[in-house]
Amino acid sequence: MIRLAYLGRALADDVDALTEQQRTDLFALLERVVVHGARNESTSVATGFFEALLNAWDRGFDLRRVWHHVGPESRAFCLAWNAYNGIASPDWM
């Protein structure tokens with residue numbers, strides 16, 4: 001989970017380090033783990049990577065740059081996490 005959090009922060013810090021195809025591949029892999037991984041794997045992606053990405057968004061990262069790559073189950077987690085924390089999700093989410 002810690003490594004996934006580092007990955008989320010690193011992506012937010014330098015999103016341009018990955019090509020558009022690499023971003024597509026990364027988020028597809030993460031979605032597969034969320035949907036098909038063991039419970040601990042899925043939880044690690046959600047609470048490690050996606051929480052780090054949402055925290056970066058709170059600090060100014062333009063989440064719209066990668067949101068179109070985020071799969072449906074991962075999006076559902078992000079929206080639920082925002083709701084849990086009392087954060088209004090914008091319409092584009």
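All figures in this text were calculated on a predicted structure; none of them were measured in a lab. (Residues numbered from 1 in each chain as written. Predicted model: local features only at pLDDT ≥ 70, side-chain atom pairs only at ≥ 80, totals over all residues. Heavy atoms only, no water.)

Between its first and last C-alpha, helix α5 (residues 72–84) extends 18 Å over 13 residues, near the 18 Å set by a 1.5 Å rise per residue. Considered for burial, the residues of α5 that qualify are Ser74, Cys78 and Asn82. Seen end-on, α5 carries its buried residues on one side only, within an arc spanning 80°. Those residues of α5 that are exposed and aimed more than 90 degrees away from the buried face are Pro72, Ala83 and Tyr84. In this structure, the buried residues of α5 make contact with α2 (20–36), α3 (39–58) and α4 (64–67). Positioned one or two residues after α5, Gly86 has a phi angle of 75°, which is positive. (Helix = DSSP H or I, 4+ residues; strand = E, 2+ residues; numbered from the N terminus. Expected span 1.5 Å × (residues − 1). Buried < 20%, exposed > 50% of the residue type's maximum accessible area, 1.4 Å probe, protein only. Arc of directions from axis to C-beta. Contact = heavy atoms within 4.5 Å.)

Side chains three or four residues apart in an α-helix point the same way, a direct result of the helix having 3.6 residues per turn. Helix length check: helix α1 (residues 2–13), at twelve residues, gives a terminal C-alpha distance of 16 Å against a target of 16 Å (1.5 Å per residue), a fit within 8%. Taken together, the buried positions of α1 are Ala5, Gly8, Leu11 and Ala12. When α1 is viewed along its axis, its buried side chains cluster within an angular range of 125° and face the same direction. Every exposed residue of α1 that faces more than 90 degrees away from the buried side is listed here: Ile2, Arg3, Tyr6 and Asp13. Its buried side turned inward, α1 meets α2 and α3.

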